[in-house]
Amino acid sequence: MELRLYDTLSREKRAFVPLDAKNVRMYVCGPTVYDFAHIGNARPVIVFDVLFRLLRHLYGEAHVTYVRNITDVDDKINDRAARDFPGLPLNEAIRKVTEQTGQQFHADVDALGALRPSVEPRATEHIGEMREIIERLIAGGFAYAAEDHVLFSPQAMNAANSELPRYGALSKRSLDEMIAGARVDVAPYKRDATDFVLWKPSKPGEPSWPSPAGIKAEGRPGWHVECSAMAWKHLGEQFDIHGGGIDLVFPHHENEVAQTCCAFHQQRMANYWMHNGFLQVESEKMSKSLGNFITIHELLADWPGEVLRLNMLKTHYTSPIDWTMKSLEESAKTLNDWYRFAADVAPSKPATSVVDALLDDLNTPQAIAALHGLRNSSDAAGLSASLRLLGFLSESVAQWEGRKRKASGVDAGEIDRLIAERTAARARKDFKESDRIRDELAVKGVVIKDGKDADGKPVTTWELA
Ligand code: AMP
Ligand code: ZN
């Protein structure tokens, strides 16, 4: 079977043909680092990690380049820095916020079993590339400077009689309708309401860099041009796959296509545009005001990262997910069983049933059904290999069980002490006391089993109910 991917631009599932099978190239929009990432942000991380692993499986580990950026220039970062470190100069405070948040993000996504991308470029390290793209756009007549801003003109793009794509093609919006529906209070420096910012002046104290287009005042880039610059630097003018959440199709990705294609006179930026659906919590949109806003960090205090990963992959990436406690509990149960059955077994090869499901536009629900099939037919080696392909079984059974005990709030030392007391009570035939200790353990969710060791001495083992 061949790999087929759903492409948002052509609105169809197509056979995946890389531009260069020796270097398959994928770009995914990464986090803006100003706070702990929420569980919705984990969705593109996990989905595109599965695709990254699948591409490495198909083309070889050395032949896939995965770029996921870190957006470290943003108003939300500046606000946070001013609030959290009021005593520091803003630039220093910003560095603290982005460093801290970046490290938290890495700790979170490592725990989710996501491989680090091949490159994780930071926006602030690619200002030169952004300026160059902006200069090219001005030279081509697609952008103009006004009042220390540089703006991109979608109307100039669509007026160009050339091989360029039409602005609006990705998000299936008509520019005429956008013009008709534009707000009345348009910024005075814009020629047309639909023009978007490539570069803008910085406020005093904010991070700033020398501006393009002969603008004297220092300034900073708009968000969209950051991704065009980082993708160009690390993947070239055209590459294979561009991904992100569905909310990014418009305006972010539409604008990325416009900038890149007009700057480099290309018909396309990426050959396949992939977008994950949104995640909601217990059937409601996640928001701070509803009080159902959950960070990855908080969930990791209660659940192993692989449980979150499995829970995420039970739904096809293009569909919305309803994130529920019930579903998490089921995922934990499934994974416990798979760990005990397959984690300490040497892997054979990933099962065809699992790989075929993934080849069909990353059909992870079907892949999971195939994993259950392997379990039911007692193919431990096949299950072990297939789970590893999907990014599971990073631990041994012993580590997994130990982590579960810790996560459940049970103190293993305390349990061993109670068991020793019970053994002593039994030795002196104080069965009332030994039963009392058994009950105390049961309340903690610990089930004990009495047996004998190799020398016939009584031993008591325990596990969580
Ligand atoms: P942001 O930091 O908000 O730019 O988001 C980082 C990534 O997470 C983007 O690819 C977003 O599309 C994605 N994302 C944000 N919220 C959700 C959500 N609730 N469900 C799924 N993906 C999301
Ligand atoms: Zn982006």
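Calculation rules
Residues numbered from 1 in each chain as written. Chains lettered and ligands numbered in written order. Predicted model: local features only at pLDDT ≥ 70, side-chain atom pairs only at ≥ 80, totals over all residues. Heavy atoms only, no water. UniProt positions renumbered as here; feature names shortened; annotations may be inferred. Pairing = 2+ DSSP bridges. Helix = DSSP H or I, 4+ residues; strand = E, 2+ residues; numbered from the N terminus. Axes fitted to C-alpha atoms, helices over the stretch in contact; angles between N-to-C directions. Salt bridge = Lys/Arg side-chain N within 4 Å of Asp/Glu carboxyl O. Buried < 20%, exposed > 50% of the residue type's maximum accessible area, 1.4 Å probe, protein only. Domains from an automatic or database assignment. Contact = heavy atoms within 4.5 Å. Core = buried A, V, L, I, M, F, W, Y, C linked by side-chain atoms within 4.5 Å. Donors = N, O, S within 2.8 Å, 3.2 Å for Na, K, Ca; no water. Near = heavy atom within 4 Å. Polar contact = N/O pair within 3.5 Å; in protein donor to acceptor, adjacent residues only side chain to side chain. Areas by Shrake-Rupley, 256 points an atom, 1.4 Å probe, with all protein chains shown as cover. Nonpolar A, V, L, I, M, F, W, Y, C, P; charged D, E, K, R; others polar.

You'll find the chain entered in an unreviewed UniProt entry as Cysteine--tRNA ligase, with Bradyrhizobium rifense given as the organism. Per its UniProt entry, the chain bears the Subcellular location (unreviewed entry) comment "Cytoplasm". Entered under Subunit (unreviewed entry) in the UniProt record, the comment concerning the chain runs "Monomer."

**Student:** Outline the sheet that holds strand β3 (residues 24-28), listing residues and values.
**Tutor:** Backbone-to-backbone hydrogen bonds pair the strands of a sheet. The strands run either parallel or antiparallel. What the four strands build is an open sheet, ordered β4-β3-β9-β10; its pairing is parallel. In this open sheet, the two strands that pair with only one neighbour each are β4 (64-68) and β10 (270-276). The sheet shows a mean angle of 20 degrees between the axes of neighbouring strands, direction not considered. Of the strand pairs in this sheet, β3 and β4 are connected by five bridges, and their pairing is parallel. The residue of β4 that forms the bridge with Val28 is Arg68.

**Student:** Tell me what's going on with the pattern of salt bridges, and back it up with residues and numbers.
**Tutor:** According to the stated counting rule, one finds 29 salt bridges in the structure shown. A salt bridge links Glu414 to Arg417, with the shortest nitrogen-to-oxygen separation between them at 3.2 Å. With a gap of three residues between them, Glu414 and Arg417 both fall in helix α16 (residues 412-427), about one helical turn apart. Its relative accessible area of 41% is what places Arg417 among the partly exposed residues. Of the charged contacts, one joins Arg438 and Asp450 as a salt bridge, the two residues approaching to 3.4 Å between their closest N and O atoms.

**Student:** Explain the domain arrangement of the chain to me, using residue names and the numbers behind them.
**Tutor:** When its domains are assigned, the chain resolves into domain 1 (4-279), domain 2 (325-399) and domain 3 (410-464). Each of domain 1 and domain 3 has a C-alpha centre, and these two points are 58 Å apart.

**Student:** So, the sheet that holds strand β7 (residues 196-201): which residues are in play, and what are the values?
**Tutor:** With respect to topology, four strands assemble into an open sheet ordered β5-β6-β7-β8, the strand pairing being antiparallel. The open sheet is flanked by β5 (143-146) and β8 (219-221), the only strands paired with a single partner. Looking at each pair of strands side by side, their axes are set apart by 20 degrees on average, direction ignored. Both strand β6 (residues 149-152) and β7 contribute to a ladder of three bridges, which runs antiparallel. Of the residues in β7, the one forming a bridge with Phe152 is Phe196. Across the sheet, helix α4 (residues 127-139) touches β5, β6, β7 and β8, and the angle it forms with β7 is around 120 degrees.

**Student:** So, the nonpolar core: which residues are in play, and what are the values?
**Tutor:** The biggest cluster of nonpolar side chains holds 69 residues, and the ones touching the most others in it are Ile39, Leu51, Ile241, Trp323 and Leu371. By residue number, the principal contributor to this core is helix α1 (residues 42-59), which donates ten residues. Counting contributing residues per domain, this core is built from domain 1 (4-279) and domain 2 (325-399), each supplying no fewer than three. Every residue in contact with Leu51, bar those within four places of it in the chain, is listed here: Leu5, Met26, Ile241, Met274 and Leu362. Counting residues in hydrophobic clusters, the runner-up holds 45 residues, among them Ala160, Ala231, Leu235 and Phe264.

**Student:** Lay out the coordination of the zinc ion (ligand 2) in plain terms, naming residues and giving numbers.
**Tutor:** For the zinc ion (ligand 2), the protein coordination sphere consists of Cys29 (SG), Cys227 (SG), His252 (NE2) and Glu256 (OE), at 2.0 to 2.7 Å. In the primary sequence, the donor residues of the zinc ion (ligand 2) line up as C-x197-C-x24-H-x3-E. Residue Cys29 is found in the loop between β3 and α1, and its partner Glu256 is found in helix α8 (residues 249-264); the two are separated by 227 residues along the sequence. The pair formed by Cys29 and Glu256 is uniform in burial state, with each residue classed as buried.

**Student:** Describe the UniProt feature "domain: Cysteinyl-tRNA synthetase class Ia DALR" (unreviewed entry) in the chain, with residues and values.
**Tutor:** As recorded in UniProt, the feature "domain: Cysteinyl-tRNA synthetase class Ia DALR" (unreviewed entry) lies at residues 353-401. Helix makes up 71% of residues 353-401 and strand 0%, with an end-to-end C-alpha separation of 29 Å.

**Student:** Tell me about the site of ligand 1, and please be specific about residues and values.
**Tutor:** Lining the immediate environment of ligand 1, one finds 14 residues, of which Gly40, Asn41, Gly245, Asp247 and Leu279 sit closest. Between Asn41 and ligand 1, the recorded distance is 3.2 Å, taken from a side-chain N or O atom to an oxygen atom. Measuring from a nitrogen atom of ligand 1, one finds a backbone N or O atom of Leu279 at 2.9 Å. In the complex, 85% of the free accessible area of ligand 1, which totals 480 Å², lies under the protein chains. Per-class residue counts for the shell around ligand 1 are five nonpolar, eight polar and one charged.

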